[in-house]
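Tertiary structure, described
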Amino acid sequence: MEHGAEAGGMALHPGAAWKTLVGQPSLESPLLRVKPGAPDESYLVRKLEGTHLEAGGQGMRMPMEGGPLSDAEIRMIRDWI
């Protein structure tokens, strides 16, 4: 399923991603999907780093296809948060 589709209540296409990610509860963990200013408390980062199970999450590390993101790519997302 591509991220343009609404999987898990998330629409990740431009114009919709912010409102479905930032400050929204995760369906897999007690953490918010993205907690502004707190990448360590953001489930998105945990899923990308593969530490989501430690945070009460479930499922597989993201992205599911193509292998894990590089440290530089994850750092860019952390900086955005």
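Coordinates for the structure precede this section.
A quick note: this is a predicted structure, and the numbers were derived from the prediction, not measured. (Residues numbered from 1 in each chain as written. Predicted model: local features only at pLDDT ≥ 70, side-chain atom pairs only at ≥ 80, totals over all residues. Heavy atoms only, no water.)

**Here's the deal with unusual backbone geometry**
- Of note, the amide linkage connecting Met62 to Pro63 takes the cis form, showing an omega dihedral of -15°.
- Its place among the elements puts Pro63 in the loop between α2 (43-49) and α3 (71-80). (Helix = DSSP H or I, 4+ residues; strand = E, 2+ residues; numbered from the N terminus.)

**Quick word on the environment of Glu28**
- Mapped onto the fold, Glu28 is located in the loop between α1 (17-21) and α2.
- Exposure remark for Glu28: the relative accessible area of 29% places this residue in the partly exposed category.
- Note: C-alpha distance between Glu28 and Pro14 (14 residues apart in sequence) is 23 Å.
- Contacts of Glu28, omitting those with residues within four sequence positions, involve Tyr43, Lys47, Gly56, Gly57 and Gln58.
- Reaching out from Glu28, the side chain makes a polar contact with the side chain of Tyr43 at a distance of 2.9 Å.
- Within the structure, Glu28 has its side chain in polar contact with the side chain of Lys47 (distance 3.1 Å). (Buried < 20%, exposed > 50% of the residue type's maximum accessible area, 1.4 Å probe, protein only. Contact = heavy atoms within 4.5 Å. Polar contact = N/O pair within 3.5 Å; in protein donor to acceptor, adjacent residues only side chain to side chain.)

**Describing the side chain of Ser42**
- As for its placement among the helices and strands, Ser42 is situated in the loop between α1 and α2.
- By relative accessible area, Ser42 is classed as buried at 0%.
- A distance of 2.8 Å separates a polar side-chain atom of Ser42 from the backbone nitrogen of Lys35.
- Sequence-distant contacts of Ser42, that is, excluding residues within four places in its chain, are made with Leu31, Leu32, Arg33, Val34, Lys35 and Ile81.

**Some words on the nonpolar core**
- In this structure, Leu21, Val22, Val34, Leu44, Val45, Leu48, Ile74 and Ile81 together form the largest nonpolar core, which totals eight residues.
- Take this core: its biggest share by element is three residues, from α2.
- When sequence neighbours within four positions are dropped, the list of residues in contact with Val34 reads Leu21, Val22, Gly23, Ser42, Leu44, Trp80 and Ile81. (Core = buried A, V, L, I, M, F, W, Y, C linked by side-chain atoms within 4.5 Å.)

**A closer look at the pattern of salt bridges**
- One pass over the full model with this rule turns up four salt bridges.
- As a salt-bridge pair, Glu28 and Lys47 come within 3.1 Å of each other at their nearest N and O atoms. Placement of the pair is Glu28 in the loop between α1 and α2 and Lys47 in helix α2, with a sequence separation of 19 residues.
- Its salt-bridge partner being Arg78, residue Asp40 comes within 2.5 Å of it at the nearest N-O pair. One end of the pair, Asp40, is in the loop between α1 and α2; the other, Arg78, is in helix α3, with 38 residues separating them in the sequence. (Salt bridge = Lys/Arg side-chain N within 4 Å of Asp/Glu carboxyl O.)

**Topic: the packing of aromatic side chains**
- Per the stated rule, a full pass over the model turns up one aromatic pair.
- Consider the rings of Trp18 and Trp80, whose centres lie 5.9 Å apart with planes at 90°: the pair is edge-to-face. Linking Trp18 in helix α1 with Trp80 in helix α3, this pair joins segments that are 62 residues apart in sequence. (Phe/Tyr/Trp six-rings, centres within 6.5 Å; stacked < 30°, edge-to-face > 60°.)

Spatial relationships are all this shows, so hold off on functional conclusions.
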